[in-house]
Amino acid sequence: SSGINAEYGHALSKVSMIPTILSAVYSVDNYPSLLRILLSLLHNMSIHSTVMEALASDIDLLKLESAVMRCGDAQTLIITLRFLSSIQRSPSPSFVGMCQSH
């Protein structure tokens, strides 16, 4: 069971990073590549269920979407949609509309 505890501890340490990463995501401006890296990082972290639950409850969808709308490109939109589906959060209709127009 020590392996399970170690994995859980690892997940918890990732959970403690989430607010820091999210605040970076919300405030990214004019750096689409940085935004992509941060979103990909969150997406990869969300594979672990403990992290996914924390992300799903912690994420401010409006702040995330406005950051992506402000400085994301088409690739960032795709990553964002994948990430949101991985944490089972639905993007807003206006965000989906913007993705479809790209």
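Scroll up for the structure.
None of the values given here were measured: they were computed from a predicted structure.

**Quick word on the side chain of threonine 80**
Argument step 1. Structurally, the position occupied by threonine 80 is in helix α5 (residues 74-86).
Argument step 2. Ignoring sequence-local partners within four residues, the contact set of threonine 80 consists of Leu39, Leu64, Val68 and Phe95.

**So, the pattern of salt bridges**
Argument step 1. Per the stated rule, a full pass over the model turns up two salt bridges.
Argument step 2. Between aspartate 73 and arginine 36 there is a salt bridge, with its nearest N and O atoms 2.6 Å apart. Taken together, the residues aspartate 73 in the loop between α4 (61-71) and α5 and arginine 36 in helix α2 (residues 32-45) connect sequence positions 37 residues apart.

**Thoughts on α5**
Argument step 1. The terminal C-alpha atoms of α5, which comprises 13 residues, lie 19 Å apart, in line with the 18 Å expected from a rise of 1.5 Å per residue.
Argument step 2. Three or more residues of α5 are buried, namely Thr76, Leu77, Ile79, Thr80, Phe83 and Leu84. All buried residues of α5 lie within an arc of 165° about the axis, which places them on one face of the element.
Argument step 3. On its buried face, α5 is in contact with α2, α3 (49-58), α4 and α6 (93-101).

**Some remarks on the environment of glutamine 100**
Argument step 1. By the element assignment, glutamine 100 lies in helix α6.
Argument step 2. Classification of glutamine 100 by relative accessible area gives exposed; the value is 64%.

**Let's talk about unusual backbone geometry**
Argument step 1. The backbone phi angle of asparagine 30 is positive, close to 65°, even though this residue is not glycine.
Argument step 2. With respect to the element layout, asparagine 30 can be found in the loop between α1 (2-27) and α2.
Argument step 3. On the basis of relative accessibility, which here comes to 66%, the residue asparagine 30 falls in the exposed class.
Argument step 4. Within the chain, glutamine 88 stands out as a residue other than glycine whose phi angle is a positive 55°.
Argument step 5. When you line up the elements, glutamine 88 lands in the loop between α5 and α6.

Procedures and definitions
- Throughout, a residue's number is its position along its own chain's written sequence, starting from 1.
- A pLDDT threshold of at least 70 governs which residues receive local features in this predicted model, and a stricter bar of 80 or more applies before side-chain atom pairs are shown or counted, although totals over entire chains, interfaces and linings include all residues.
- Excluding hydrogens and water, the side-chain values take into account all heavy atoms of the structure.
- Elements are defined by DSSP. Helices are runs of H or I of four residues or more, strands are runs of E of two residues or more, and each kind is numbered from the N terminus.
- Here, two residues are considered to be in contact whenever any of their heavy atoms come within 4.5 Å of each other.
- The salt bridge criterion pairs a side-chain nitrogen of Lys or Arg with a carboxyl oxygen of Asp or Glu, the two atoms within 4 Å.
- Expected span, for any helix, means 1.5 Å times one less than how many residues it has.
- Residue exposure (1.4 Å probe, protein chains only): buried if accessible area is under 20% of the type maximum, exposed if over 50%, otherwise partly exposed.
- Throughout, the arc means that of the directions going from the helix axis to the C-beta atoms.

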